[in-house]
There are 2 protein chains.
Amino acid sequence: MLSVIGLDADDTLWQNERYYRAAEAEFAALLADFADPPALQERVDACHRTNMGIYGVGAKSFTLTLIEAAIDVSDGVVSADVLRKIVEVGRELLAHPIELLPHAREVVETLSAEGYRIVLITKGDLFHQERKIAASLLDNHFDAVEIVSEKRPETYNGIFARHGAGAASAMMVGNSLKSDIIPAITAGAWGVYVPHEQTWALEHAEPPESAPRYRKLAHLGELPALAARIAVGAG
Amino acid sequence: MLSVIGLDADDTLWQNERYYRAAEAEFAALLADFADPPALQERVDACHRTNMGIYGVGAKSFTLTLIEAAIDVSDGVVSADVLRKIVEVGRELLAHPIELLPHAREVVETLSAEGYRIVLITKGDLFHQERKIAASLLDNHFDAVEIVSEKRPETYNGIFARHGAGAASAMMVGNSLKSDIIPAITAGAWGVYVPHEQTWALEHAEPPESAPRYRKLAHLGELPALAARIAVGAG
């Protein structure tokens, strides 16, 4: 029995991390006078780790962190002109078009047509995520959208109880072992890992290979067949 | 019949705007070399109006707007040190303690004890609003919390249908005519305006004096009596 399928959005249904990587590359070029790329990236990552607890995640948090890192790494001598360019780099992150990943549209349409309840479960900035969901033109296939600040086991328990028959009959699908897979499995759901070549370093975790409800797919196109097997108890 | 009561949070249950005003005053002091306060505020407001459609509202959006305004108003010569202080001013907005408004605790406790369904409906940054709600220690009295990016009539229609018997038997209470009162009345609900001495200029609207379901209270303490009258059809 599969009462509800949770789908992650960023880097599961559409490209996301690549825009952040591109922004970091632009940032590194702007700060080239002050630090070489690896040292700069280290500083930025440390700054992100500290700021995540204050700002949460998302493009605005990311932009504020880059500004802070630029001032730090330059010992306060970076120009306002460079900082303005960093603000612009961050703003571009909020404006890029949505590029669906291979199989995303066909899989969402198939699952929806087959009668599964589908909930989009995404972490991050409310305003930005809503815009991306609308721009994806997939939104009419979702039975619900849940934009959350954290993806913890209790997050999944709450969502799967609200939109299905609880975590025991639910599945979460995503590219982040740390946010999508491990906490969903901890909650009692199936965790279906669909790797993306670019995943944020801060989302890294070891795959829960020994968990009976852990599955890994080569690509999203394999999801409907897996869902069908799990639905009949042959997962 | 009153199937659900929606309560706004910022400047309805707890102080919010005063921290933004204080931040703007600190900002004006930091930029005193470049612009006098009224001219600066005009520039900041213009910048907010443009950026709201890109960033949404909230402390991170506000901070990014101040940074941009500082660079603009100084023609790009503001120092990184001043910009660092602006980042810190913005960070303080995310960290201030929650100061409940007069009557807030007693009213929420009374309404909850009297068996009304109460939904907290707040606009802004997901991460920050969740933290404030937890810090208010009022959260166990709310039947639900809805953090939204916009407060439109359809927002209220959706929320009041999900948590009550629809907008026709619902009431929205808040300090913003533009976000809390007018769209709730448009949706068919009661709109109960509780003015706060500080309300963001961008939230200004004319009171809908002629709307039969518009009510204005002198303070939140008057809410339980009004709710009781409306519940028995004597609103």
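Residues numbered from 1 in each chain as written. Chains lettered and ligands numbered in written order. Predicted model: local features only at pLDDT ≥ 70, side-chain atom pairs only at ≥ 80, totals over all residues. Heavy atoms only, no water.

### Describing the relation of the copies chain B and chain A
Here is step 1: When chain B is fitted to chain A, the best match, at an RMSD of 0.0 Å, comes from turning it 180 degrees and sliding it 0.0 Å along the axis. What the rotation and shift describe, once combined, is the action of a two-fold rotation axis.
Here is step 2: Both copies present the same face, since 100% of the interface residues in chain B are matched by interface residues at the equivalent positions in chain A. (Least-squares fit on C-alpha atoms with pLDDT ≥ 70 in both. Contact = heavy atoms within 4.5 Å.)

### Quick notes on helix α1 (residues 17–30) of chain A
All names here are of chain A.
Here is step 1: With 14 residues, α1 ought to run about 20 Å at 1.5 Å a step, and its terminal C-alpha atoms sit 20 Å apart, in line with that.
Here is step 2: Within α1, burial applies to E17, Y19, Y20, A23, E24, F27 and A28.
Here is step 3: Of the surrounding secondary structure, the elements contacted by the buried residues of α1 are α2 (37–55), α3 (59–73) and α4 (80–93). (Helix = DSSP H or I, 4+ residues; strand = E, 2+ residues; numbered from the N terminus. Expected span 1.5 Å × (residues − 1). Buried < 20%, exposed > 50% of the residue type's maximum accessible area, 1.4 Å probe, protein only.)

### Regarding the domain arrangement of chain A
Residue and element names in this part refer to chain A.
Here is step 1: Segmentation of chain A into domains returns domain 1 (4–15 + 99–231) and domain 2 (17–93).
Here is step 2: Look at where the C-alpha atoms of domain 1 and domain 2 centre, and you get two points 29 Å apart.
Here is step 3: Surface buried jointly by domain 1 and domain 2 totals about 1300 Å² across both partners, of which 52% is contributed by carbon and sulfur atoms.
Here is step 4: On the domain 1 side of the contact with domain 2, Q198, W200 and L202 bury the most area, a combined 45% of that side's loss.
Here is step 5: Across the contact surface, domain 1 and domain 2 share two salt bridges.
Here is step 6: Of the charged contacts, one joins E99 and R18 as a salt bridge, the two residues approaching to 3.2 Å between their closest N and O atoms.
Here is step 7: For the pair domain 1 and domain 2, the number of links is four residue pairs in polar contact (both at pLDDT 80 or more). (Domains from an automatic or database assignment. Buried area = accessible area lost by both parts, 1.4 Å probe. Salt bridge = Lys/Arg side-chain N within 4 Å of Asp/Glu carboxyl O. Polar contact = N/O pair within 3.5 Å; in protein donor to acceptor, adjacent residues only side chain to side chain.)

### Some remarks on the interface of chain B and chain A
Here is step 1: Facing the 33 residues of chain B at the interface are 33 residues of chain A.
Here is step 2: Overall, the association of chain B and chain A removes approximately 2900 Å² of surface from exposure, summing both partners, and the carbon and sulfur fraction of that is 61%.
Here is step 3: Our count for the chain B to chain A interface comes out at four salt bridges.
Here is step 4: Of the charged contacts in the structure, one is a salt bridge between R91(B) and E68(A), with a shortest N-O distance of 2.6 Å.

### Here's the deal with the packing of aromatic side chains
Residue and element names in this part refer to chain B.
Here is step 1: One pass over the structure, following the stated rule, counts four aromatic pairs over all chains.
Here is step 2: With centroids separated by 4.8 Å and ring planes inclined at 85 degrees, the aromatic side chains of Y20 and F62 adopt a geometry described as edge-to-face. Within this pair, whereas Y20 is found in helix α1 (residues 17–30), its partner F62 is found in helix α3 (residues 59–73), the two being separated by 42 residues in sequence.
Here is step 3: A centroid spacing of 5.8 Å and a plane angle of 25 degrees characterise the contact between Y156 and F160, whose relative ring orientation is stacked. One end of the pair is Y156 and the other is F160, both in helix α7 (residues 153–163) and four residues apart, which spans about a single turn. Accessibility assignment for this pair places Y156 and F160 in one class, buried. (Phe/Tyr/Trp six-rings, centres within 6.5 Å; stacked < 30°, edge-to-face > 60°.)

### Brief notes about the pairing of strand β3 (residues 144–148) of chain A
Residue and element names in this part refer to chain A.
Here is step 1: Judged by how many residues are buried, β3 sits mostly within the fold: four of five residues are covered.
Here is step 2: With five bridges connecting them, strand β2 (residues 118–123) and β3 associate as parallel partners. Its bridge partner being in β3, T122 is matched across the sheet by I147.
Here is step 3: Each parallel crossover has a hand, and for β2 linked through helix α6 (residues 126–136) to β3 it is right-handed. (Pairing = 2+ DSSP bridges. Right-handed = clockwise from strand over helix to strand, strands pointing away.)

### Here we look at the nonpolar core
Here is step 1: Ranked by size, the top nonpolar core spans 59 residues in total, and within it M171(A) and M171(B) carry the most contacts.
Here is step 2: Every residue in contact with M171(B), bar those within four places of it in the chain, is listed here: L2(B), V4(B), I5(B), G6(B), F160(B), A189(B), W190(B), V192(B), L223(B), L226(B), A227(B) and I230(B).
Here is step 3: Membership of the second largest hydrophobic core comes to 58 residues, among which are L93(A), F27(B), L40(B) and Y55(B). (Core = buried A, V, L, I, M, F, W, Y, C linked by side-chain atoms within 4.5 Å.)

### A look at the packing of α1(B) against helix α2 (residues 37–55) of chain B
Residues and elements named next belong to chain B.
Here is step 1: At a minimum axis distance of 11 Å, the contact between α1 and α2 shows a crossing angle of 120 degrees. Judged by the inter-axis angle, α1 sits oblique to α2. For α1 against α2, the interelement crossing comes out right-handed. Taking contact as the criterion, the partners of E24, F27 and A28 in α1 are, on α2, L40, Q41, V44 and H48.
Here is step 2: Taken together, the residues of the contact of α1 with α2 break down into four nonpolar, two polar and one charged. (Axes fitted to C-alpha atoms, helices over the stretch in contact; angles between N-to-C directions. Parallel < 35°, antiparallel > 145°, perpendicular 65-115°, else oblique. Left-handed = near helix turned anticlockwise from the far one by under 90°. Nonpolar A, V, L, I, M, F, W, Y, C, P; charged D, E, K, R; others polar.)

### Observations concerning the environment of S112(B)
Residues and elements named next belong to chain B.
Here is step 1: Its place among the elements puts S112 in helix α5 (residues 104–113).
Here is step 2: Among the residues examined, S112 registers a relative accessible area of 27% and is labelled partly exposed.
Here is step 3: Taking the C-alpha atoms as reference points, S112 and D143, 31 residues apart in sequence, are found 8.8 Å from one another.
Here is step 4: Residues contacting S112, with those up to four places away along its chain left out, are I118 and H141.

### A closer look at α2(A)
Here is step 1: The sharpest bend along α2(A) reaches about 30 degrees and sits at R49(A).
Here is step 2: Those residues of α2(A) lying buried are L40(A), V44(A), D45(A), C47(A), H48(A), N51(A) and Y55(A).
Here is step 3: Turning to α2(A), the residues buried within the fold contact α1 and α3 of chain A together with α3, α4 (80–93) and α6 (126–136) of chain B. (Bend = angle between axes of the 7 residues up to and from the residue.)

### Focus on the pairing of strand β5 (residues 190–193) of chain A
All names here are of chain A.
Here is step 1: Side chains W190 and V192 project from β5 onto one buried face, and the interleaved G191 and Y193 project onto a second face that is buried too.
Here is step 2: Relative to β5, strand β4 (residues 170–174) is paired through four bridges, and the arrangement is parallel. Its bridge partner lying in β5, G174 is registered against Y193.
Here is step 3: Pairing analysis gives three bridges linking β5 to strand β6 (residues 214–216), with the strands arranged parallel. Looking across to β6, one finds that G191 is bridged to Y214.

### Focus on the sheet that holds strand β1 (residues 4–7) of chain A
All names here are of chain A.
Here is step 1: A sheet is described by the order of its strands in space; here six strands give the open sequence β3-β2-β1-β4-β5-β6, paired in parallel fashion. Each edge of the open sheet carries a strand with a single partner, namely β3 and β6. Across the sheet, the mean angle separating the axes of adjacent strands is 20 degrees when strand polarity is ignored.
Here is step 2: Against the sheet, α6 engages β2 and β3, with an angle of about 150 degrees to β3.

### What to know about the pattern of salt bridges
Residue and element names in this part refer to chain A.
Here is step 1: One pass over the structure, following the stated rule, counts 24 salt bridges over all chains.
Here is step 2: Here K151 ties to D180 by a salt bridge, and the two come within 2.7 Å at their closest N and O atoms. Of this pair, K151 sits in the loop between β3 and α7 (153–163) while D180 sits in helix α8 (residues 177–187), and the two are 29 residues apart along the sequence. For the pair K151 and D180, a shared accessibility class is recorded, and that class is buried.
Here is step 3: A network of salt bridges, in which partner residues are shared, links D8, K151 and D180.

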